[in-house]
Amino acid sequence: MTMRTSRLIGVLLLLLSLAACAPADVDSPESVKRLIDSGVLVVDVRSEEEFQSGHLEGALNVPHTEIEENLAVFGADKEKPIVVYCRSGRRSGIAKEVLEKNGFTSVHNGGGYEDLK
């Protein structure tokens, strides 16, 4: 392997690792705030301890690791809008994926709590 190929592989690995650490696609705070103001279901997917330290008014707490076991919380209408948020958008991205895998079609990643409050 040439030195140039080794460097190229190194750069590609660095870019892949950075992409893996980046938060999932997050909706803009303005669009999420409009959805929340319209009365959609809002779910804080952080831990119970994080939720207790502060959360959006009216938000339910379902940790991202417990989404699949608690699908009933989200209701039978799989087309109703849902906003999920966490600290940075990564865990809410995971929660969004789980909900979409289970047929929910209007799930919005609100990103981080600090950006929304």
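Residues numbered from 1 in each chain as written. Predicted model: local features only at pLDDT ≥ 70, side-chain atom pairs only at ≥ 80, totals over all residues. Heavy atoms only, no water.

Draft legend 1. The pairing of strand β4 (residues 107-112), seen in detail. Counting buried positions along β4 yields six of six residues, so the element is predominantly enclosed. Of the strand pairs in this sheet, strand β3 (residues 82-86) and β4 are connected by five bridges, and their pairing is parallel. Of the residues in β4, the one forming a bridge with V84 is N109. (Buried < 20%, exposed > 50% of the residue type's maximum accessible area, 1.4 Å probe, protein only. Helix = DSSP H or I, 4+ residues; strand = E, 2+ residues; numbered from the N terminus. Pairing = 2+ DSSP bridges.)

Draft legend 2. Spotlight on the nonpolar core. One finds V43, V45, I67, F74, I82, V84 and L99 to be the most contacted residues of the largest nonpolar core, which totals 14 residues. For F74, the residues in contact, after removing those within four places along its chain, are L41, V43, I67, K80, I82, L99 and F104. Counting residues in each nonpolar core, the second largest holds eleven residues, with V42, F51, Y113 and L116 among its members. (Core = buried A, V, L, I, M, F, W, Y, C linked by side-chain atoms within 4.5 Å. Contact = heavy atoms within 4.5 Å.)

Draft legend 3. Molecular detail of the sheet that holds β3. The four strands lie next to each other as β2-β1-β3-β4, forming an open sheet whose pairing is parallel. If you trace the sheet from one side to the other, it starts and ends with β2 (60-61) and β4, each paired once. Pairing of strand β1 (residues 41-44) with β2, which is carried by two bridges, proceeds in the parallel orientation. Bridged to V43 within β2 is L60.

Draft legend 4. Structural detail: the pairing of β3. Of all the five residues making up β3, five are buried; the element is thus mostly covered by neighbouring parts of the structure. What you see with β3 is no split at all: I82, V84 and C86 on one side and V83 and Y85 on the other are buried throughout. As defined by bridge partners, β1 adjoins β3 across four bridges and the pair is classed as parallel. If you follow V43 over to β3, its bridge partner there is V84. Regarding topology, helix α4 (residues 90-101) serves as the crossover connection from β3 to the parallel β4, and that connection is right-handed. (Right-handed = clockwise from strand over helix to strand, strands pointing away.)

Draft legend 5. Representation of the confidence of the model for the chain. Averaged over all residues, the pLDDT of the chain is 88; the fraction at 70 or higher stands at 80%. With pLDDT under 50 throughout, residues 17-22 is counted as low confidence; its partners more than four residues away or in other chains account for zero contacts. (pLDDT = per-residue confidence, 0-100.)

Draft legend 6. Representation of the pattern of salt bridges within the structure. Across all of its chains, the model carries five salt bridges by this definition. Where E114 meets K117, a salt bridge forms, and the shortest distance between an N and an O atom there is 3.3 Å. Given the relative accessible area of 54%, E114 is considered exposed. On the basis of relative accessible area, K117 is assigned to the exposed category, the value being 57%. (Salt bridge = Lys/Arg side-chain N within 4 Å of Asp/Glu carboxyl O.)

Draft legend 7. Representation of α4. Helix length check: α4 (twelve residues) gives 17 Å between terminal C-alpha atoms against 16 Å at 1.5 Å per residue, within 8%. Residues R91, S92, G93, A95, K96, V98 and L99 constitute the buried set of α4. Packed against the buried residues of α4 are α3 (48-52), β3 and β4. In the stretch just after α4, G103 is the one whose phi turns positive, near 95°. (Expected span 1.5 Å × (residues − 1).)

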